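Remarks on the overall topology
Each chain is listed here by its residues.
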Amino acid sequence: MENKKYLNVALPKGRLGEKVYSYFVDVVLQDVAKAMAKQDGIDEWNDNIWKTYVDRINRGGYHIYTTIDTKVQAQIDKIYKDLKNIPNTKSAQQLQSAIVIVDNTTGDIVGMAGGVGDEKAHFGQNRATKSRLQSGSSIKPLSIYAPGFEQGTLTPATVIKDMPLDYRNGAAWPRNENRIYAYTRTIFKGIEDSVNAVAANSLNKIGTNYGYEFAKDSFGLSTLREEDLQFSSLALGAQHYGVTVRDMACAFATFPNDGTYRAGRTWTKVYNSKGEMVLDNPQDSRQILSEKAVTYMNYCLVNAVVNGTGKTANFASGYVAGKTGTTSSLRDRWFCGYTNYYTAAVWCGYDQPETISLGFNPAARLWNNVMKPLHSGLKNVALYDKSKMVSVEICLDSGKVATAACKNDVRGGRVESVLVYPEDVPTASCDKHILVNYCANGNAVAGEGCLHTSGVTVVQKALLKITRDDVNEILKAKNFALEAKYVQDNYVYLVTSDGKDDSFKGFYGNINYNVTLPYKVCTMHGGGAVVPPVTEE
């Protein structure tokens, strides 16, 4: 992409107030004022100090070189200033939105809007930089998944429980958006479908301290506080104070920049009226992610747009990546996404929080409406290199390489194909599935009677080895929307903690009354000796 020239903003001598500036210029003035105060040894920042330095800038005839890209800003203004482009809701309030766009070539902020419609006042409410907003799930790549990939604890193929992490006051926590638990998922699917329980259990695996420090210190989420050192803030995005759209845009720009975080600038140099440079603003950058962690994150977030929660933002399938975010009662909606060229974070909500009554994510739609025209004529560039990874079939119960038995699980196939680096392919094959002769009519392990009864179909199916602790965990979750197939008796092969056969009487204690077996046996066809298991694969 062609590098953009910095725009020279010459501020006339005189007092501010008669002209309404843009959101971008407002932020430039604020950022330069802070830099001037810091140069003067002033670390404290309050309204009086701010007014003093803004007034100095106004009176001094300074020339400020900003990072604005007028083409990008014009596209933002085209969408954001015309209220007909803003989704209409049932609320009496105007739906608000904010956007910040980063040029991935430079890492600089090249456009923004702090609200919809025309800016009503100089230094008015800028929701892109001033507002502290709960992020919802859009924080998950920053506080859980990228840190976990970097730590080496997680890969896209890692199998994580899609189960409640905790039961609070008689309720399961966290709840998934669809209110259903699927027992286990891969990290890949957990990201693609934005599954809260997978996020919480993943955070538990990598450690809340690690996730918090990575989000705050590495990804630059400066508004996080110690009160956010908890699961609800880091896994669900219910922060105590919130995050800014600006910080989220700069953080997500790390992924298309090969894992280097760059603090998004709005200005680069300031000259006084004599042409002397009085302020320089070198870019703060740091390498925070390895090539592998970046590849994994881009792989997952591209698929979140192609097949998952971010479909509304998709305008170039396979070349757009990003993450949605939704807070409690649909009061905030986010989309933070990127291509090879630009990164943008978009928030939507009301100034007086209330439910956003729409059947789609307005942030993702606005993101698409702004970003798609900016890419007109640009070549699609892949965000990750598939050739560096291999496809592996993972068993969703053992987390190991799947076998034929995994594909023949009584509940249906328990296998998922995921891309990982060769060194991250599990070294062992599944040892939790066991093939048996299965009576399809009786939905249980076949007995001798099943083999000799006309019209009965006996097939090879796989049962799953689980322990009594697993049974208790499943029973605990069954009243909180665990998928029904996980509370059926017919897939269980009960074993002790050391792997020996145990006696299974069913989840509800109503099977195998007169036999001691680790699985449910068919009683429809005259009983008889149980047909031994086939072979374990």
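Criteria and cut-off values
- Residues numbered from 1 in each chain as written.
- Predicted model: local features only at pLDDT ≥ 70, side-chain atom pairs only at ≥ 80, totals over all residues.
- Heavy atoms only, no water.
- Axes fitted to C-alpha atoms, helices over the stretch in contact; angles between N-to-C directions.
- Helix = DSSP H or I, 4+ residues; strand = E, 2+ residues; numbered from the N terminus.
- Parallel < 35°, antiparallel > 145°, perpendicular 65-115°, else oblique.
- Contact = heavy atoms within 4.5 Å.
- Phe/Tyr/Trp six-rings, centres within 6.5 Å; stacked < 30°, edge-to-face > 60°.
- Buried < 20%, exposed > 50% of the residue type's maximum accessible area, 1.4 Å probe, protein only.
- Lys NZ or Arg CZ within 6 Å of the ring centre and 35° of its normal.
- Salt bridge = Lys/Arg side-chain N within 4 Å of Asp/Glu carboxyl O.
- pLDDT = per-residue confidence, 0-100.
- Pairing = 2+ DSSP bridges.

At a closest axis distance of 8 Å, the pairing of helix 4 (residues 140–151) and helix 7 (residues 208–218) adopts a crossing angle of 105 degrees. Taken together, the axis directions place helix 4 and helix 7 in an arrangement best described as roughly perpendicular. Every residue of helix 7 that contacts helix 4 at Leu-142, Ser-143, Pro-147, Gly-148, Glu-150 and Gln-151 is listed here: Tyr-210, Gly-211, Phe-214 and Ala-215.

To continue, consider the packing of aromatic side chains. Across all of its chains, the model carries 18 aromatic pairs by this definition. Residues Tyr-493 and Tyr-519 carry aromatic rings whose centres are separated by 5.4 Å and whose planes lie at 55 degrees to one another, so their mutual orientation is tilted. One end of the pair, Tyr-493, is in strand 21 (residues 492–494); the other, Tyr-519, is in the segment after strand 21, and 26 residues separate them in sequence. For Tyr-493, a relative accessible area of 6% translates into the label buried. Each ring, one from Phe-504 and one from Phe-507, has its centre 6.0 Å from the other, and the planes form 85 degrees; the classification is edge-to-face. According to the relative accessible area criterion, Phe-504 is buried, its value standing at 3%. Chaining the aromatic ring pairs together yields one cluster made of Tyr-210, Phe-214, Phe-219, Phe-252, Phe-255 and Tyr-338. The ring of Trp-173 has Arg-168 sitting right over it, with the charged end atom 4.3 Å from the ring centre.

Inspection of the entire model under this criterion finds 21 salt bridges. For Arg-265, the salt bridge identified is with Asp-108, shortest N-O distance 2.9 Å. Here Asp-108 lies in the loop between strand 3 (96–103) and strand 4 (109–113) and Arg-265 lies in the loop between strand 9 (260–262) and strand 10 (267–271), a separation of 157 residues in the sequence. Each member of the pair, Arg-265 as well as Asp-108, is classed as buried. Between Lys-292 and Asp-424 there is a salt bridge; the shortest N-O distance is 3.2 Å. Residue Lys-292 is found in helix 10 (residues 291–306), and its partner Asp-424 is found in the loop between strand 17 (415–420) and strand 18 (433–439); the two are separated by 132 residues along the sequence. With a relative accessible area of 21%, Lys-292 lands in the partly exposed category. Residues participating in the shared-partner salt-bridge network are Asp-397, Asp-409, Arg-411 and Arg-414.

So, on to the confidence of the model for the protein. In the predicted model, the protein carries a mean pLDDT of 93, and the fraction of residues at 70 or more is 94%. A low-confidence stretch, residues 11–20 stays under pLDDT 50, and its non-local contacts, those more than four residues away or across chains, total 23 contacts.

Before going further, it helps to examine the sheet that holds strand 14 (residues 332–338). Backbone-to-backbone hydrogen bonds join strands into a sheet, with any given pair of strands oriented parallel or antiparallel. The 5 strands are arranged 4-3-15-14-13 in an open sheet whose pairing can be described as antiparallel. In the strand order of this sheet, the two ends are held by strand 4 and strand 13 (321–326), each with one partner. Sheet twist, expressed as the mean angle between neighbouring strand axes with direction ignored, is 10 degrees. Here strand 14 pairs with strand 15 (residues 342–349) via 7 bridges, running antiparallel. Paired with Cys-336 across the two strands is Ala-345, which belongs to strand 15.

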